[in-house]
Amino acid sequence: MSATYLMQTELLDDESLFWDRYHTQPLARQKKIDQLILKKDKKLSLAAGLVFQAGLADYGLGKQQITISCHEDGKPYICEYPELFFSISHSENLAICSFSSREIGVDVEKRVPIDLEIARQFFYGAEYQDIIASDDPLNTFFDYWVLKESYMKATGMGFKLSLDAFRIVLEDEIRVYVDNILMPYGFYNTTVFENYKLAICTKGGLPEPELHVL
């Protein structure tokens with residue numbers, strides 16, 4: 001089981017609400033927000049902090065002092081609760097955070113027009129063929145994109161792992177292969193808020209997520 005928290009930044013358009021929520025954040029998040037120039041980016045960073053905060057509260061950690069550090073591969077973790085895994089992503093006006101007792105990766109991308117040549121250059125060959133043969137190539141491209149990024153995050157390697165070093169297979173149960181070897185990861189893939197693609201990947205089984213909209 002995993003839990004995913006979503007927040008659209010339009011909710012923070014109200015200045016008084018923005019600053020009220022800003023002051024609920026730890027100093028590290030406030031500093032990160034302060035360093036950003038564009039208001040859009042400030043709202044997105046605050047929303048990322050708020051979805052993380054909401055998850056901590058639901059796991060009973062809302063009032064506890066926690067420390068975020070990073071493994072050697074760069075993947076963040078909660079020092080005091082290393083058995084609680086989390087992953088954050090954001091795109092355009094949406095921020096999300098997923099929590100699980102298993103290693104997890106999450107990615108969200110807004111579906112926008114894009115040159116599908118990107119898939120030919122960077123994706124696994126069979127994935128590109130699947131995209132161009134699809135009834136909706138753009139939709140299939142973004143399905144692959146978020147699934148691949150969620151897997152890369154779940155492994156902890158991120159973009160240190162080449163996009164064409166593994167193959168995602170889109171079937172009733174989504175699978176991932178490395179050198180034709182089935183990897184022990186499960187996936188969840190959906191569309192939220194009409195035009196955002198969301199994927200969650202967990203090690204050792206299907207994510208079975210609960211979605212919470214703030």
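Residues numbered from 1 in each chain as written. Predicted model: local features only at pLDDT ≥ 70, side-chain atom pairs only at ≥ 80, totals over all residues. Heavy atoms only, no water.

### Some remarks on the overall build of the protein
Argument step 1. Looking only at helices and strands, the protein features six helices and twelve strands.
Argument step 2. The C-alpha atoms of the protein give 17 Å as radius of gyration, which agrees with the globular expectation for 214 residues (17 Å, within 12%).
Argument step 3. Across its three principal axes, the protein shows a C-alpha extent of roughly 50 × 35 × 30 Å.
Argument step 4. Considering the protein as a whole, with its 214 residues, one finds that 43% of them fall into the buried category.
Argument step 5. Long-range pairs, those at least 24 residues apart, make up 56% of the contacts in the protein between residues at least 6 apart in sequence. (Helix = DSSP H or I, 4+ residues; strand = E, 2+ residues; numbered from the N terminus. Rg over C-alpha atoms; globule rule 2.2 N^0.38 Å. Buried < 20%, exposed > 50% of the residue type's maximum accessible area, 1.4 Å probe, protein only. Contact = heavy atoms within 4.5 Å.)

### Considerations on the pattern of salt bridges
Argument step 1. Scanning all chains against the criterion turns up nine salt bridges.
Argument step 2. A salt bridge links Asp 13 to Lys 43; the shortest N-O distance between them is 2.3 Å. You can see Asp 13 sitting in the loop between strand S1 (2-8) and helix H1 (15-22) and its partner Lys 43 sitting in helix H3 (residues 39-58), a full 30 residues away along the chain.
Argument step 3. Judged by its relative accessible area of 13%, Lys 43 is buried.
Argument step 4. With a shortest N-O distance of 3.2 Å, Lys 39 and Glu 15 are connected by a salt bridge. Taken together, the positions of Lys 39 in helix H3 and Glu 15 in helix H1 put the pair 24 residues apart, joining distant regions of the chain.
Argument step 5. On the accessibility criterion, Glu 15 (41% relative accessible area) is partly exposed. (Salt bridge = Lys/Arg side-chain N within 4 Å of Asp/Glu carboxyl O.)

### Regarding the packing of aromatic side chains
Argument step 1. All chains considered together, the criterion is met by 14 aromatic pairs.
Argument step 2. Judged by centre distance (6.1 Å) and plane angle (85°), the ring pair of Tyr 5 and Phe 99 falls under edge-to-face. One end of the pair, Tyr 5, is in strand S1; the other, Phe 99, is in strand S5 (residues 94-100), and 94 residues separate them in sequence.
Argument step 3. Relative to Phe 141, the ring of Phe 123 lies with its centre 5.4 Å away and its plane at 5°, an arrangement referred to as stacked. Of the two residues, Phe 123 sits in the loop between helix H4 (117-122) and helix H5 (125-133) while Phe 141 sits in helix H6 (residues 137-155), which places them 18 residues apart along the sequence. Each of the two residues, Phe 123 as well as Phe 141, counts as buried.
Argument step 4. Following the ring pairs from residue to residue traces out a cluster consisting of Tyr 5, Phe 52, Tyr 59, Phe 86 and Phe 99.
Argument step 5. A cation sits over an aromatic face here: Lys 39 above Phe 18, 3.7 Å from the ring centre.
Argument step 6. Directly above the aromatic system of Phe 166 lies the positively charged group of Lys 148, at a separation of 3.9 Å from the ring centroid. (Phe/Tyr/Trp six-rings, centres within 6.5 Å; stacked < 30°, edge-to-face > 60°. Lys NZ or Arg CZ within 6 Å of the ring centre and 35° of its normal.)

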